[in-house]
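Single-letter residue listing:
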Number of protein chains: 2
Amino acid sequence: MEQELPQDPGKQPLRELIESGAYEALAERLPEEHVQDIAHALEDFEPNMVLEVFGMLPGEERPEVFSYLDPPQQYQILSAADDELGIPLLRGLSADDRTSLLEDLKPEQLQEILRLLSPAEVRHAMEQLGYPEQSAGRLMNTEFVTVRPNWSLARALDHIRRQGEKGDGVNTLYVTDHRGRLQGTISLKRLVLEKPDKEVQSLISGPPVSIDAGESRNEAARAIQHYDITALPVVDSHGVLLGAVTVDDVMDVVEEEATEDFHKLGGVGVVGLSLRDARPSLLYRKRVGWLVLLVFMNIFGGAGIAYFEATIEAVIALVFFLPLIVDSGGNAGSQSATLMVRALAIGDVMARDWLRLWGKELGVAIALGLTMGVAVYGLGLWRGGAEVATVVSLSMVLVVAFGSMIGMVLPLLLNRFGFDPATASAPLITSIADICGILIYFSIATALLTIPAV
Amino acid sequence: MEQELPQDPGKQPLRELIESGAYEALAERLPEEHVQDIAHALEDFEPNMVLEVFGMLPGEERPEVFSYLDPPQQYQILSAADDELGIPLLRGLSADDRTSLLEDLKPEQLQEILRLLSPAEVRHAMEQLGYPEQSAGRLMNTEFVTVRPNWSLARALDHIRRQGEKGDGVNTLYVTDHRGRLQGTISLKRLVLEKPDKEVQSLISGPPVSIDAGESRNEAARAIQHYDITALPVVDSHGVLLGAVTVDDVMDVVEEEATEDFHKLGGVGVVGLSLRDARPSLLYRKRVGWLVLLVFMNIFGGAGIAYFEATIEAVIALVFFLPLIVDSGGNAGSQSATLMVRALAIGDVMARDWLRLWGKELGVAIALGLTMGVAVYGLGLWRGGAEVATVVSLSMVLVVAFGSMIGMVLPLLLNRFGFDPATASAPLITSIADICGILIYFSIATALLTIPAV
């Protein structure tokens, strides 16, 4: 993806105006900018600088701009602002944005911020924080408009007008019974287009799509993608409507999930933060575990070499081909693992497809191995003669085929036993394939070569 | 992510009913299922089977179910259906879905399908296929409702009611001047909530966010994410409104882009198809290039080893540590590359941040290297005595630090010079780090060890 949003080339970036403290130019410029762009320009600035810019914005735009900042920056700003400025900023956040601000705070920070809310708002925030991390309940917005099934469309429309701006989700209306249980959804569009004397329930089609508040946010993302809807109702175990997860939140979830899988596949613990903001100590911790673990795995590779020391000492030319052969197995394995991990993550393949996939991968793996074997035969001939060439190309076939199979099978097995298939990181697959590669290569060499007496 | 959508445990999956040909049970079941679920259940079935099920659906539901199938399956069904059934299926598709069906067809297939459309629809389809691949123009839906800035809200609402069901995007209304140039957008919600005698233009806030039809679909995805909107207007070079890209299409783009980056990072050519459907020959072609390229790169590793053959022959114990040290550099490198490639892709870091990132990475890399050096010192002592232990741990520090730096710098450089940073695949980084590792390790060994005379 590209890095920057398109920008009018004639204009000085907002960011530079803020940096240089050009307040007059800023005052002229801010009214023609979108709130999202103002927020984007304010990223990484000190709270005092941000508050300065907020002072130049009309009161009703401040909470909007504020809502597009990252939670850590939001917290800094609230800490630095006096209550008069801070209260409307915090109260202007929608319930889901407020939850994502509060959920990462330390207890003493949480107290400091909750002080700015009314008792009812505090209770509400604590309720939402009570849902499991990464659940639909944490992600949902709790402001929504409900209508009753037996109302006429005219009455429903009237009700919506009275409720006014409440809720993002007013494009979708939720139909509930007298106990608040979800009966279905109707779109504002249908409501406007149909005759006003129709009953609300005549517009409901089929059973409502909804999700339990305790279910994972991934599940919510999948349902929204699958049903092509812009808002997914969230219910409790009795079917009572609690809120709705909207498509814009879900898009962030899809992106975050992909990032997590990337990090796992690359053999890094999941770095939840922005790479730019993550402290070195966090990055160190997220990486050192895998590295140390893999070193100890590679001892087996070393042991394999030690076991064949006599062969190596006799035909030292074999060592020349060691990186070639061993790396090829690892590379083929990480290719397979990448394809498989991603296909499992997006639901493109299921564990039940394994037999079919296995057969196909075996075919591809052997074809790749043969190609590679032919590719290195000449090299073997040149460096070590016909015998070495045979050993090298035969090893190559087997190592590449074997590496591919490991890369394919390991994610499937992990998935089958309830683990995240992305745990089969590329470095892990590479290391396993390397050990197998060393054993295969030197075994074949020992078996086929005429070892000269030392 | 999870693999299956939640399903009522008491019910037999729709798929099984279709498979077993239980038509009576199906006829009972279909009316209570969502069209998306029916489409999902029909995946991979033969066209005749699908047409059988279509026969059991009410006429107006067929195009809806059809629209949720994959383009290759849609084509098969249209080929198998008679015109009476096929025409409404194809005409029922929205413009964007129709484009994604047509864009992958071979010329003779295209002719076969275009025959089902009216001349006006054919012209329209060809126009949309005229935009570059992966552009906003290809992705946009071209059915939308426009209103004029000087209309009253009452008149606008009346106009929408007359236009009826036209366009997905009726939650967003596009305000255009008499030449069709985009003036702004207003939401249906605002239109309904505000007083009917207000003018349309009073509801437009700020300059309209829009995108050129020729811009990439990634750009469109970024704009929708950034501005948190559900539909992005697409315009031509004169600002004339052509259509709109909607958030549900963009969500698929975000997922596809992540998949592409995954494949590149794993050293696989981009497999555009589903892994399940991709033919082995395609998978072979997508993988063999990198594998062969990397073999020839690894010849340098082999050459490095050959250069130090005397050292190796003298202290054969050194070979034991070769996989350990060399792999650690590769692993550290692929960790860094993964973090960097993903951060660049989601716009978390920009090329201009390089100095700060470089400093941070250097710190992390040295800390990781020291940890690893300490971890293998004991191992070196045990296998080869104090001298070898010093060589091994010193090499480890340098190799890990060096590998990390390569993994970080290469994606940044690629990005800087306009290439896709994901081209710096994990296998590529691993191979480069391996070569450097071999050179560093044996150079240190040759310099520090007392080589016994042979």
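A brief report on the enclosed structure follows.

About the criteria used
- Residues numbered from 1 in each chain as written.
- Chains lettered and ligands numbered in written order.
- Predicted model: local features only at pLDDT ≥ 70, side-chain atom pairs only at ≥ 80, totals over all residues.
- Heavy atoms only, no water.
- Helix = DSSP H or I, 4+ residues; strand = E, 2+ residues; numbered from the N terminus.
- Rg over C-alpha atoms; globule rule 2.2 N^0.38 Å.
- Buried < 20%, exposed > 50% of the residue type's maximum accessible area, 1.4 Å probe, protein only.
- Contact = heavy atoms within 4.5 Å.
- Areas by Shrake-Rupley, 256 points an atom, 1.4 Å probe, with all protein chains shown as cover.
- Lys, Arg positive; Asp, Glu negative; His and termini not counted.
- Charge placed at Lys NZ, Arg CZ, Asp CG, Glu CD.
- Buried area = accessible area lost by both parts, 1.4 Å probe.
- Salt bridge = Lys/Arg side-chain N within 4 Å of Asp/Glu carboxyl O.
- Polar contact = N/O pair within 3.5 Å; in protein donor to acceptor, adjacent residues only side chain to side chain.
- Nonpolar A, V, L, I, M, F, W, Y, C, P; charged D, E, K, R; others polar.
- Pairing = 2+ DSSP bridges.
- Least-squares fit on C-alpha atoms with pLDDT ≥ 70 in both.
- 1 Å grid on protein atoms, 1.4 Å probe; cavity = no way out; pocket = protein on both sides within 12 Å on 5 of 7 lines; lining within 4 Å.
- Points joined across faces, edges and corners; volume = space filled by probe spheres on them.

**Overview of the overall build of chain A**
- Within chain A, the regular secondary structure consists of 20 helices and six strands.
- Compactness check: chain A gives a C-alpha radius of gyration of 30 Å against a globular reference of 22 Å for 454 residues, more than 25% above the reference.
- In terms of overall dimensions, chain A has C-alpha extents of about 95 × 60 × 45 Å along its principal axes.
- Residue burial in chain A is summarised as follows: out of 454 residues, 56% are buried.
- Considering only intrachain contacts with a sequence separation of at least 6, the fraction spanning at least 24 residues in chain A is 66%.
- Within the structure as shown, chain A displays about 19100 Å² of accessible surface, and the carbon and sulfur contribution to it stands at 55%.
- In chain A, 35 side chains carry a positive charge and 61 a negative one; their mean positions are 8 Å apart.

**Topic: the interface of chain A and chain B**
- With 128 residues of chain A in contact, the opposing surface of chain B contributes 128 residues.
- In total, about 12400 Å² of surface goes out of reach between chain A and chain B, with carbon and sulfur atoms giving 64% of it.
- Along the contact surface separating chain A from chain B lie two salt bridges.
- Between Arg287(A) and Glu361(B) there is a salt bridge, and its shortest N-O distance comes to 3.1 Å.
- Applying the counting rule to chain A against chain B returns 28 residue pairs in polar contact (both at pLDDT 80 or more).
- Tallying contributions element by element places helix H18 (residues 318-345) of chain A first for the side of chain A that touches chain B, with 19 residues.
- Here the side of chain A that touches chain B is built from residues that sort into 67 nonpolar, 28 polar and 33 charged.

**What to know about the environment of Glu260(A)**
Residues and elements named next belong to chain A.
- With respect to the helices and strands, Glu260 occurs in helix H15 (residues 247-265).
- Given a relative accessible area of 17%, Glu260 falls into the buried group.
- Separated by 162 residues in sequence, Glu260 and Ala422 place their C-alpha atoms 8.9 Å apart.

**A look at the sheet that holds strand E1 (residues 146-147) of chain B**
All names here are of chain B.
- Pairing within the open sheet is mixed, and its three strands lie in the order E1-E2-E3. Each edge of the open sheet is held by one strand with a lone partner, namely E1 and strand E3 (182-187).
- Strand direction decides the pairing type here: strand E2 (residues 172-176) and E3, joined by five bridges, are antiparallel. Each bridged residue has a counterpart across the sheet, and for Val175 the counterpart in E3 is Gly184.

**Regarding the pairing of strand E5 (residues 231-235) of chain A**
Residues and elements named next belong to chain A.
- Summarising burial for E5: five of the five residues are buried, a large majority.
- Pairing of strand E4 (residues 211-212) with E5, which is carried by two bridges, proceeds in the parallel orientation. The residue of E5 that forms the bridge with Ile211 is Val234.
- As paired strands, E5 and strand E6 (residues 241-246) are joined by five bridges and run antiparallel to one another. Opposite Val234, over in E6, you have Gly243 as the bridge partner.
- The hairpin turn running from E5 into E6, its antiparallel successor, is five residues long, and Gly239 in that turn takes a positive phi close to 85 degrees.

**Describing the sheet that holds strand E5 (residues 231-235) of chain B**
- Across the sheet, three strands lie side by side as E4-E5-E6 (chain B); this open sheet has mixed pairing. Two strands in the sheet have a free side with no partner beyond their single neighbour: strand E4 (211-212) and strand E6 (241-246) of chain B.

**Things to note about the relation of the copies chain A and chain B**
- By a simple turn and slide, chain A fits onto chain B: the slide is 0.1 Å along the axis, the RMSD is 0.1 Å, and the turn is 180 degrees. Those values place the two copies in the arrangement expected of a two-fold rotation axis.
- Take the interface residues of chain A: 100% of them recur as interface residues in chain B, which is what a same-surface contact looks like.

**Considerations on empty space enclosed by the protein**
- Evaluation of the coordinates by the stated rule reveals ten cavities of 30 Å³ or more.
- When its volume is computed, the largest cavity comes out at roughly 120 Å³.
- Lining the largest cavity, in full, are Leu322(A), Pro323(A), Val326(A), Asp327(A), Asp434(A), Ile438(A), Leu322(B), Pro323(B), Val326(B), Asp327(B), Asp434(B) and Ile438(B).
- Mapped onto the lining of the largest cavity, the elements with two or more residues apiece are H18 and helix H20 (426-448) of chain A together with helix H18 (322-345) and helix H20 (426-448) of chain B.
- Considering only residue class, the lining of the largest cavity consists of eight nonpolar, no polar and four charged.
- As a volume, the second largest cavity reaches approximately 80 Å³.
- What lines the second largest cavity is simply Leu275(A), Leu283(A), Arg287(A), Ser336(B), Leu339(B), Met340(B), Leu357(B), Lys360(B), Glu361(B) and Met408(B).

**Focus on the pattern of salt bridges**
- Counted according to the given criterion, the structure contains 23 salt bridges over all chains.
- Ionic pairing is found between Lys198(B) and Glu194(B), a salt bridge with its closest N-O pair at 2.7 Å.
- Residue Arg217(B) pairs with Glu257(B) through a salt bridge whose shortest N-O separation is 3.6 Å. Here Glu257(B) lies in helix H15 (residues 247-265) and Arg217(B) lies in helix H14 (residues 217-227), a separation of 40 residues in the sequence. For the pair Arg217(B) and Glu257(B), a shared accessibility class is recorded, and that class is buried.
- Sharing partners across several salt bridges, the network here consists of Arg91(A), Arg98(A) and Glu121(A).

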